[in-house]
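Structural overview for review
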Amino acid sequence: MASSSGLDAANEAWERGDYIGALQSYIRLLNGPGSDALIEPIALTTGELYRTSELTADGRAGRFSPDGRFIVYETGLETSRRTIVRRATGDHATVADLPGVSATFAPDGSKVAYLRIAETPDFRAAARALDEATLTQRDRSTLVQMITWLITRDSTIVVRDLASANEIELPTPIMLKTALTYAADGRTLYFLGTREGNDTRTDIYSISETSDGPTLAVDAAGLKSAPIIDPSGGALVYIVPATSPLRRPDQPEAAGALPRGARTPSTFGIADLRSRRVSLVTGTAPALSGDGKTLAYVARDGADYTLMVGPTTGLQLPIKRTTMRMDAPALSADGTRVAWQMMPRDDWEIFTGSVGGSALVGERRVTNDIQHDVLPRFIGADRILAVAGEPRHRRSYLYDLSAGAGDLSGASADAAAERLPRRTRLFHNNTVRTIAPEYQWVVSPDETKVIVGAERDGDTVSPARGVYLVDTNQRVTKADLLARLRGNLAGETALRARGVSTFQPIAAAVRQAVSRVSVDRIFQYEKALFDFGSKHVSQPGNHQASEFLFDTYTSFDYEPDYQWFDPSAAREGETAARSTTQAFGGRTANVVATLRGTVNPEIVYVVSSHFDSVAVGPGADDDSSGTSALLEAARVLAGHPLPATVVFASMTGEEAGLLGSREFVRRAVEQHLHVAAALNNDMIGWANDQRMDNTIRYSNDGIRDVQHAAAMLFTKLITFDARYWKGTDAASFYDAYGDVLGGIGSYPVLSSPYYHQASDRLENENHQLIAETSKATVASIMLLASSPSRLTHLKIDSHVGTAASISWTPSPEKGVTSYIVAYGPPAAPLQHRVTVVQPRAALPLVAPGTIISVKAVNANGLEGWDWAHVTVSDQKPQTLTQP
């Protein structure tokens, strides 16, 4: 039998971030005696236990057919949206490729209805505007919404027979339409619709292949959205929204509409399809059981929340009352069990119980995690699927209710925790470092499979997301697991070897610098910032914090600068005020300290964090943590200048719309500042367990690898990575300087429940974690500012036969002695290497598709921190201009 001590030792190595040692031990254990018993624990530690198939790397809105035979998802960007139907078993073969959206299956899976997109002149104009314009995120969102609205207006309802591929177009007048769904009879289609310009009423219509056109299925005034059809055919449930879901996005709100943000009682409607009687219910989150016979929802009266359960078209009764926040009820297929999320303290937890008439029987706590546990749904009678984390990143877990069962009504939290169900992670991306944010979970009708929508590659910027099928009836084999471990071991070994080689010329100096980082000092910075309360640009604490930062940088012997501007003018895109002599008077300011370079002072590296917070709280993690790490990095490097210039930038107004970073970048561009790279740290101090882990949020692969190496060689930090910069100060730098970003932030691995809450307080911070992140920042910036930056204007001058001539702009840094040229096929792009001393090279044996990469090397033996790339085309020579 396999040694439990051997597994324990491997697990301990994994927990402290010694992935190479852990992976080697896991492989050895799986190749030893008694290894079958170790497959499950090792699989769950290193990734997925259940077999997972990638259906597409570019898809969304995955769903099962009611009979479970097919899977449907949408793919393509906004201007090329299509719907794919595939088999749910076997090789998942494609059954249909539909030129439209909003697909829905008949109950027996024999046919599918969808909205076929009409490429009208309006649609083509909107698509062209989206493709060609230089847009802010807000502008892009408006154009995407317009394209979606044009689809609802101009599309046609089409029914396709999946066996014959024959299609029938259903007759509909010119109207807005969306949210197709089949009735239980398999003939009638329901959809949400209205006429253009009517923003005060939307209706649910029915139509069929034999009807002359749509008719009202629910005759009730007002707005409706999100129709849910009872599978038994007896009822239809819809939400009453605050604004029309079909309103044209470039039009103002309808006359009489409530002000944005105004609160109204949440309401939904229940339509008895047999009697056509509609009942309006004050409540939220209505949910039907799988058989359609039972309805659950949450009612609220002041501070009291009530869980209501009962017949869908009958009387729902209160089965639980509480003053704790409650949401997201879910019912088992037969309606006899209910689960919901509730907030006993600062974060959501999952609870469950049985429905016994008008009472809740055997209430039980399912989770007791420090993160939010939300969105429960049943998988069979004895398992619950729920997700953990804050909305930008959640991970899915299965909970076995048959393990540790018992009535926990009135039990203490400790007693509840002792009897929690067994938890099993459902989905992962099966790599050591990369984060896979999850966004969607759909359970199959037989409750054995789950569709997961996720960014498995960790690319949170691209609109493309993957669609994955997890089969809980099939587990990974030992061969599968060994292949996973060996692949990860090869990747980790290579990452560490590159890191050791990269830092070798300056490793001693880096160790000396990071040894000066002080946890005590970091706590002092945090405490001072915390005591100012909210540091939002609208609050006095903002100005107090900027003065503290100015004085602190001064105490390190810098000569800091204020960058004053008017936040209201900045929001409106006007020229920001520049005077530093006027009184505060409603203005705000970045605080900037500069460590001038000794060799290449004209080349600038920016390290930034924002010091403001949301209005409701002190923002200890978001982002006094990053600000404190930045101050300590500035202190450690003060008096120890680097070859290039380093700017330490404490940004204001991030929470008000990236105002400070926009102002910093505006000035930098105006002054023709040569920003070679930027590191932005944001939310680095909250920990949900004993691990010292954080996430590298990057756009540049070279900077990502530098930061991984900095963490593993000089700190206790364990680093993950995600291609992410949207909604952060890093986005301002990306917009102006392109792919030059790195930095560290808790998202998306930690998912603090205190994010943007008044509870984001100092006592929730791990000060050692902040110190380790500061060390990683010091090491990273020392390497970056001491190395050649990425080369520009790499181009193929000629490609004749198998020979290619290339050239590039000489490195701007002084002291560059040579250039490394690497080339190879996409599977091995660095396969061949040559060294040259001039900014040009002649390469033999270069086939079309070859990737050519170049970096500079300086006199100290430091290589450039990122490659410049160009791909050999089979057409005429192409030039790739790097930013």
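Residues numbered from 1 in each chain as written. Predicted model: local features only at pLDDT ≥ 70, side-chain atom pairs only at ≥ 80, totals over all residues. Heavy atoms only, no water.

1. Observations concerning the overall build of the protein
- Helix and strand counts for the protein come out as 16 helices and 48 strands.
- Its C-alpha atoms give the protein a radius of gyration of 29 Å, within 12% of the compact-globule value 29 Å for 883 residues.
- Each principal axis of the C-alpha distribution contributes one length, and for the protein these read about 85 × 75 × 70 Å.
- Relative to its 883 residues, the protein shows a buried fraction of 55%.
- Taking contacts inside the protein between residues at least 6 apart in sequence as the whole, the part at least 24 apart equals 62%.
- Carbon together with sulfur atoms contributes 50% to the accessible area of the protein, which is approximately 35,700 Å² in total.
- When the 86 basic and 100 acidic side-chain charges of the protein are each reduced to a single mean position, those positions are 2 Å apart. (Helix = DSSP H or I, 4+ residues; strand = E, 2+ residues; numbered from the N terminus. Rg over C-alpha atoms; globule rule 2.2 N^0.38 Å. Buried < 20%, exposed > 50% of the residue type's maximum accessible area, 1.4 Å probe, protein only. Contact = heavy atoms within 4.5 Å. Areas by Shrake-Rupley, 256 points an atom, 1.4 Å probe, with all protein chains shown as cover. Lys, Arg positive; Asp, Glu negative; His and termini not counted. Charge placed at Lys NZ, Arg CZ, Asp CG, Glu CD.)

2. Brief notes about the pattern of salt bridges
- Here the structure, examined in full by the defined rule, presents 47 salt bridges.
- Across the salt bridge formed by lysine 111 and glutamate 209, the nearest N and O atoms sit 2.9 Å from each other. Placement of lysine 111 in strand β7 (residues 111-116) and of glutamate 209 in the loop between β12 (203-207) and β13 (215-216) is noted, with a sequence separation of 98 residues between them.
- The class for lysine 111 is buried, based on a relative accessible area of 15%.
- One salt bridge connects arginine 667 with glutamate 663, and the closest N-O pair in it is separated by 2.6 Å. Of the two residues, arginine 667 and glutamate 663 are both situated in helix α13 (residues 659-670); the distance of 4 residues between them amounts to about one turn of the helix. Assigned by exposure class, arginine 667 and glutamate 663 land together as buried.
- Shared partners join several salt bridges into a network, and the residues in it are Asp122, Arg153, Asp154, Glu196 and Arg248. (Salt bridge = Lys/Arg side-chain N within 4 Å of Asp/Glu carboxyl O.)

3. Some points on the sheet that holds strand β15 (residues 235-240)
- Taken in spatial order, the 4 strands of this open sheet run β14-β15-β16-β17, and their pairing is antiparallel. On the outer flanks of this sheet lie β14 (225-229) and β17 (277-282), each paired with one strand and no other. For this sheet, the mean inter-axis angle between neighbouring strands, taken without regard to orientation, is 20 degrees.
- Both strand β16 (residues 267-272) and β17 contribute to a ladder of 6 bridges, which runs antiparallel. Each residue of the ladder has a partner; that of alanine 271, found in β17, is valine 278. (Pairing = 2+ DSSP bridges. Axes fitted to C-alpha atoms, helices over the stretch in contact; angles between N-to-C directions.)

4. Some details on the side chain of threonine 627
- Examined against the element boundaries, threonine 627 turns out to sit in helix α12 (residues 620-637).
- Threonine 627 gets classed as buried once you look at its relative accessible area, which sits at 0%.
- Polar contacts involving the side chain of threonine 627 include one to the main-chain carbonyl oxygen of histidine 610, which spans 3.1 Å.
- If we ignore the near neighbours within four places in the chain, the residues touching threonine 627 are Leu529, Leu549, Ser609, His610 and Phe611. (Polar contact = N/O pair within 3.5 Å; in protein donor to acceptor, adjacent residues only side chain to side chain.)

5. Regarding the packing of helix α9 (residues 519-530) against α12
- Taken N-terminus to C-terminus, the directions of α9 and α12 make an angle of 135 degrees; their axes are 9 Å apart at the nearest point. By the criterion of interaxial angle, the relationship of α9 to α12 is oblique. Classified by chirality, the crossing of α12 by α9 is right-handed. Touching Arg521, Ile522, Tyr525, Glu526, Leu529 and Phe530 of α9 are Ala620, Ser624, Thr627, Ser628, Leu631, Glu632 and Arg635, all from α12. (Parallel < 35°, antiparallel > 145°, perpendicular 65-115°, else oblique. Left-handed = near helix turned anticlockwise from the far one by under 90°.)

6. Concerning the packing of aromatic side chains
- As enumerated under the stated definition, the model contains 19 aromatic pairs in all.
- Put simply, the rings of Trp14, Tyr19 and Tyr26 pair up and form one aromatic cluster.
- Positioned over the ring face of tyrosine 397 is arginine 423, at 3.9 Å from the centre of the ring.
- Looking at arginine 465, its charged tip hangs above the ring of tyrosine 439, at a distance of 3.6 Å from the centre. (Phe/Tyr/Trp six-rings, centres within 6.5 Å; stacked < 30°, edge-to-face > 60°. Lys NZ or Arg CZ within 6 Å of the ring centre and 35° of its normal.)

Any functional reading would require information beyond the geometric quantities listed.
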